[in-house]
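So the chains spell out like this:
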Amino acid sequence: MAGKKAAKLPRKVYEKELLRLQTELARMQEWVRAEDARLVVVFEGRDAAGKGGTIKRVTEHLNPRVARIAALPKPTERERTQWYFQRYVQYLPAAGEIVLFDRSWYNRAGVEHVMGFCTKEEHQRFLHQCPIFERMLVEEGILLRKYWFSVSDTEQQERFRRRLEDPLRRWKLSPMDLESITRWEAYSRAKDEMMVHTDIPEAPWYVVESDDKRRARLNMIAHLLDSVPYHHVSPPVLDLPQRPASTGYRRTPRELQTYVPDHAADL
C-alpha cells in the first residue's frame, strides 16, 4: 500500500539475496576490467543515512585494485585555491576501474552551503557548473551513477544515539554530525535546490529509502547492476599445478623465530 512503511527485511532473506547480488557485482567487476570500462558511483545523503554500510557491502568481495573508495578529507589550503572540481578529477577511474565516492563534489551543495564553509557565489557557481562537469564525464564515456540515501529525522536521531553508546561506532560521530540535527530543514532545502539543478537526464539522481538498512543495501546494489550493461566474462582457465618433489629444504626451527602469542588458546 502506498505510503505504508514496509516491514523490516528478515535477516535470512537479506543475507541470501546480498550474497547473490555480491556474486553479480564480482561478475560486473570482471566485465569492467575486460571491457576497459570506467564506472563512478556517487553516494550522498544525510549523516547516518547508511552510505558507508552500503559501500562496505558493495566492495566486500571486489578486487581493491579494480574497485576503490574515494573518501576525501577536508581540502588543504592549496586545494581551496583550485577550481572546485579539480581535487575530485584525480580520483576518477582509468580504464578497467570502479570508483565509489563516499561523499563527493556534492559537499558544496550540502554541508559547505549549510554550514557556511563556502560563499553564496561559490554555491551558485557550483550549481551552474556541476551539470556541465557531469555531462563532460558522461560524454567522455564514464558510467556515472548517483544515489541519494534518504533517512527520516527520527531514524537518523536513533542511529546517532546508538553510535554515541557504541564504542566501536563512536568514531563515526563528529560535532558537525550532531549539529545537523538542529539544521534538518536547512539541509532539506539545500538538497531540494541541489536536485533541481543537478538531476539531469545524462546523470539522474536515484533516491534510496534507507530507514531499513537491509532493504536500502539490496535495492541500491540491484539497481546499480540493472543500470550497467555488463555481461558474463569467462575467467581464464587455471589449473592447480602439482607440487614438485622436495629438494631437501628444512624449515627454520621454531625457537629461532619470534611467534605471536596464542591469545586464542586462553578463550
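Rules used in this analysis
Position labels on residues start from 1 in each chain and follow its written sequence. It should be noted that, the model being predicted, local features are given only for residues of pLDDT at least 70 and side-chain atom pairs only at 80 or more, the latter also being counted only at that level, while totals for whole chains, interfaces and linings use all residues. Excluded from the side-chain calculations are hydrogens and water; all other atoms, namely the structure's heavy atoms, are used. Going along the chain from the N terminus, every DSSP run of H or I of four or more residues is numbered as a helix, and every run of E of two or more is numbered as a strand. Accessible area is worked out with a 1.4 Å probe on protein chains only. A residue is then buried under 20% of its type maximum, exposed over 50%, and partly exposed in between. In this description, contact between two residues means that some pair of their heavy atoms is separated by no more than 4.5 Å. Here Asp and Glu are counted as negative and Lys and Arg as positive; His is not counted, and neither are the chain ends. Note on charges: their place is set at NZ of Lys, CZ of Arg, CG of Asp or CD of Glu. With a 1 Å grid laid over protein atoms only, a set of points is called a cavity when a 1.4 Å probe fits there but cannot get out and a pocket when it is open yet has protein on both sides within 12 Å along at least five of seven lines; lining residues have an atom within 4 Å of a point. Grid points are joined across faces, edges and corners, and a volume is the space filled by probe spheres set on the points. Residues were grouped as follows: Ala, Val, Leu, Ile, Met, Phe, Trp, Tyr, Cys and Pro as nonpolar; Asp, Glu, Lys and Arg as charged; and all remaining residues, including Gly, as polar. A pair of strands counts as paired when DSSP detects no fewer than two bridges linking them. To obtain each axis, a line is fitted to C-alpha atoms, and for helices this fit is confined to the stretch in contact; angles are then taken between N-to-C directions over 0 to 180 degrees.

### Describing the overall build of the protein
- Helix and strand counts for the protein come out as ten helices and five strands.
- In terms of overall dimensions, the protein has C-alpha extents of about 75 × 50 × 50 Å along its principal axes.
- Within the protein, the fraction of its 267 residues that count as buried is 40%.
- Of the contacts formed within the protein by residues at least 6 apart in sequence, a portion of 79% connects residues at least 24 apart.
- Averaging the coordinates of the 45 positive side-chain charges in the protein and doing the same for the 39 negative ones gives two points 4 Å apart.

### Concerning empty space enclosed by the protein
- This model, assessed by the stated rule, comprises one cavity of 30 Å³ or more.
- Within this model, the largest cavity holds a volume of roughly 40 Å³.
- Around the largest cavity, the lining residues are Met28, Leu39, Val41, Val58, Leu62, Ile98, Leu100 and Leu224.
- Looking at the lining of the largest cavity, the elements with two or more residues in it are β1 (38-45) and β3 (97-102).
- In terms of residue class, the lining of the largest cavity is built from eight nonpolar, no polar and no charged.

### Here we look at the pairing of β3
- Within β3, five of the six residues are buried, which leaves the element mostly enclosed by the surrounding structure.
- With six bridges joining them, β1 and β3 adopt parallel strand pairing. Bridge pairing links Phe43 to Asp102 in β3.

### A short note on the sheet that holds strand β4 (residues 143-150)
- Reading across from one edge, β2-β3-β1-β4-β5 is the order of the five strands in this open sheet, with parallel pairing throughout. Among the strands making up the open sheet, the edge pair consists of β2 (67-70) and β5 (205-209). Each neighbouring strand pair of the sheet contributes to a mean axis angle of 20°, computed without reference to strand direction.
- Where β1 lies against β4, seven bridges are found, and the strand directions are parallel. Looking at the pairing, Val41 lines up with Arg145 of β4.

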